[in-house]
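Working through the structure, step by step
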Amino acid sequence: MTERSMQEPTLLLLTALADAPRHGYALIQEIAVISDGRVKMRTGTLYSALDRLLQQGLIQVERDEVIDGRARRTYALAEAGRATLAAEADRLRAVVAEADRRLRTIRPTARGALA
């Protein structure tokens, strides 16, 4: 990844794969859980993001199998994806710490109101 912040779909996908390999439908469900139902990833968005993350080497195919006559691909977080996710989590923690610090700073105005 580059120095810029990670887009939310990427962050959610990598997070969903951080603790266990998952197939597409399970990823959609896990993203809904992680986001507390706020994000409902569409199938097209999911698979284009998975293709991009595969090309970037952040995830890998864990296995391909056929279940009830349907192909199912299971994805896992690659080492590069784990390092990228850890770096993004560190970046986000630093931003949150700074936001908390600034929110705790009370700046009185000329009239004594909070700024």
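Residues numbered from 1 in each chain as written. Predicted model: local features only at pLDDT ≥ 70, side-chain atom pairs only at ≥ 80, totals over all residues. Heavy atoms only, no water.

It is worth spelling out the nonpolar core at this point. Ranked by size, the top nonpolar core spans 21 residues in total, and within it Leu13, Leu14, Leu27, Ile31, Leu46, Leu50 and Ile59 carry the most contacts. Looking at this core, the elements that each hand over two or more residues are α1 (8–17), α2 (24–34), α3 (43–55) and β3 (70–77). Broken down by element, this core gets its largest block of residues, six residues, from α1. Once residues within four sequence positions are removed from consideration, Leu46 is found in contact with Leu13, Gly24, Leu27, Ile28 and Met41. (Core = buried A, V, L, I, M, F, W, Y, C linked by side-chain atoms within 4.5 Å. Buried < 20%, exposed > 50% of the residue type's maximum accessible area, 1.4 Å probe, protein only. Helix = DSSP H or I, 4+ residues; strand = E, 2+ residues; numbered from the N terminus. Contact = heavy atoms within 4.5 Å.)

The next subject is the pairing of strand β2 (residues 59–67). With eight bridges joining them, β2 and β3 adopt antiparallel strand pairing. Paired with Asp64 across the bridge in β3 is Arg73. Connecting β2 to the next strand, β3, in antiparallel fashion are two residues, including Asp68 with a positive phi near 50 degrees. (Pairing = 2+ DSSP bridges.)

The residue Thr84 is located in helix α4 (residues 79–104) in this model. A polar side-chain atom of Thr84 sits 2.8 Å from the main-chain carbonyl oxygen of Ala80. (Polar contact = N/O pair within 3.5 Å; in protein donor to acceptor, adjacent residues only side chain to side chain.)

Right, let's talk about unusual backbone geometry for a bit. Residues other than glycine seldom take positive phi values, yet Asp36 does so here, at roughly 55 degrees. Within the secondary structure, Asp36 is located in the loop between α2 and α3.

Keep in mind that these numbers describe shape and distance, not what the molecule does.
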